[in-house]
Amino acid sequence: MKLLVEANNILSLITRGSGDLSGMKERIKKGYEGEFSQHVHQYDGLGYHLQDRSARIQLEGLSFDGMRVLDVGCGTGALAHIALENGAERVVCGDISAFMLKEAKGKEAVGSVDYTFCQLDAEDLPYKDGSFHAVISGMTFGVLPNQRLAVEEMIRVAKPGGLVCVGAHGPEHYWEAIDATLRCINKRYVLGYRFEWWPRKERYIRRLLEKSNLERIRSKRVIWRNEFNDGYSAYDFFAAISSSWWYAKFPPDERKKDSIRTRDYFKRKNVNIVTDDIVVAYGYKPIDIT
Ligand SMILES: C[S@@+](CC[C@H](N)C(=O)[O-])C[C@H]1O[C@@H](n2cnc3c(N)ncnc32)[C@H](O)[C@@H]1O
């Protein structure tokens, strides 16, 4: 199936589907606003505990004492909450999706008065240079069309000496669920369509930071398997967390029918294991002494 995906991506070069980066971004935004399916409304209910687990792995060993922190692609706030727990003085939660920000705001009581929200695009952050002591982003890079630009933006808004920390989807991330979905969905709607999904190797994310001259860079990759009671539960989880982005190219009246068919396929084939694969890299912006 990976070969087929690659072949389809090459086809998308010919059909120019892969060049439409702003279209991809718009489809992801719509996905996380629930336009293609209602699954995303279950994001926290079905998936927050696993997002929290990834976020804890990503931020392990990092202190945010007294810091002003920006969480880019905050979703419902998994990383932001850990930064607050670990001493951050002020956390700004930024996301492209109004729906995800609304969900994050619903948890405001858990945080402090210095917990604020901003609808933004990771590739064009609406902040001045050097605004934050730490800029973090978790499990968002996999859906950003221009990951280099996003890293440059994170570094730009970090203070000299500030932390920049990226957690991204690794190559095996949710592969069982993606594979099952691709086998099952009606392929005529996605032929020549470059999926809005760009998982990365640890080496790639690390190199992004190295090329931007960050200092004291560290990286790691952590893989684990999540087991669900049955295929239905695995499908519901996957559809909620990924916002059913693959329905972007489906006619609206086909989405529901296809969702039922795909969910049944998960059950029939007993797809109840979903691998998590997270790659993390972080470093510090050099202090300019000139
Ligand atoms: C898989 S969720 C991860 C959310 C959160 N960081 C977590 O770990 O739970 C990906 C998030 O990235 C957001 N996102 C996607 N494209 C974005 C962009 N260009 N700028 C900002 N946020 C974006 C989505 O709206 C979604 O909330």
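Note that the structure is predicted; figures quoted are calculated from it, not measured. (Residues numbered from 1 in each chain as written. Predicted model: local features only at pLDDT ≥ 70, side-chain atom pairs only at ≥ 80, totals over all residues. Heavy atoms only, no water.)

Q: Explanation requested: the sheet that holds strand 3 (residues 115-119) in the structure shown.
A: In a beta sheet, neighbouring strands pair by backbone hydrogen bonds and run either parallel or antiparallel. Taken in spatial order, the seven strands line up as 3-2-1-4-5-7-6 in an open sheet, and their pairing is mixed. Of all strands in the sheet, those bounded by a partner on one side alone are strand 3 and strand 6 (215-227). Neighbour to neighbour, the strand axes of the sheet diverge by 15° on average, direction disregarded. As paired strands, strand 1 (residues 68-72) and strand 4 (residues 132-138) are joined by three bridges and run parallel to one another. Bridge pairing in strand 4 links Val 69 to Ala 134. On top of the sheet, helix 5 (residues 98-105) reaches strand 2 (90-95) and strand 3; it is set at about 170° to strand 3, its chief contact. (Pairing = 2+ DSSP bridges. Helix = DSSP H or I, 4+ residues; strand = E, 2+ residues; numbered from the N terminus. Axes fitted to C-alpha atoms, helices over the stretch in contact; angles between N-to-C directions. Contact = heavy atoms within 4.5 Å.)

Q: Even after reading the chapter, I still don't get the site of the ligand, so can you show me in this structure?
A: Taken together, 22 residues lie near the ligand, and Gln 51, Gly 73, Asp 95, Ala 122 and Gly 138 sit nearest. Note that an oxygen atom of the ligand is positioned 3.3 Å from one of the side-chain N or O atoms of Thr 140. Protein contact buries 99% of the 600 Å² of open area that the ligand shows by itself. Put simply, the parts of the chain that give the shell around the ligand at least two residues each are helix 2 (21-31), helix 3 (43-59) and helix 4 (78-85). For the shell around the ligand, the residue count by class is 13 nonpolar, six polar and three charged. (Near = heavy atom within 4 Å. Polar contact = N/O pair within 3.5 Å; in protein donor to acceptor, adjacent residues only side chain to side chain. Areas by Shrake-Rupley, 256 points an atom, 1.4 Å probe, with all protein chains shown as cover. Nonpolar A, V, L, I, M, F, W, Y, C, P; charged D, E, K, R; others polar.)

Q: Got a minute to help me understand the pattern of salt bridges in this structure?
A: A side chain of one charge can pair with a side chain of the opposite charge if their charged atoms are brought near each other. This structure, assessed with the given rule, holds 16 salt bridges. Its salt-bridge partner being Glu 33, residue Lys 29 comes within 3.5 Å of it at the nearest N-O pair. Judged by its relative accessible area of 28%, Glu 33 falls in the partly exposed class. With a closest N to O distance of 2.6 Å, Asp 277 and Arg 221 form a salt bridge. Of this pair, Asp 277 sits in strand 7 (residues 273-284) while Arg 221 sits in strand 6, and the two are 56 residues apart along the sequence. Of the residues examined, Arg 221 reaches a relative accessible area of 36% and is grouped as partly exposed. By sharing partners, the salt bridges in this structure join Lys 25, Asp 121 and Glu 123 into a single network. (Salt bridge = Lys/Arg side-chain N within 4 Å of Asp/Glu carboxyl O. Buried < 20%, exposed > 50% of the residue type's maximum accessible area, 1.4 Å probe, protein only.)

Q: In this structure, what is going on with the packing of helix 7 (residues 175-184) against helix 10 (residues 252-268)? I would like to understand it.
A: The description of two helices packed together rests on the angle between their axes and the distance between the axes. Look at helix 7 against helix 10: their axes get within 9 Å of each other, and the N-to-C directions meet at 125°. Judged by the angle between their axes, helix 7 and helix 10 are oblique. Pair helix 7 / helix 10 crosses with right-handed handedness. Residues Ala 177, Ala 180, Thr 181, Arg 183 and Cys 184 of helix 7 form the contact with helix 10, whose own contacting residues are Arg 261, Thr 262, Tyr 265 and Phe 266. Of the residues in the contact of helix 7 with helix 10, the class split is five nonpolar, two polar and two charged. (Parallel < 35°, antiparallel > 145°, perpendicular 65-115°, else oblique. Left-handed = near helix turned anticlockwise from the far one by under 90°.)

What is shown is where atoms sit, not what they do.
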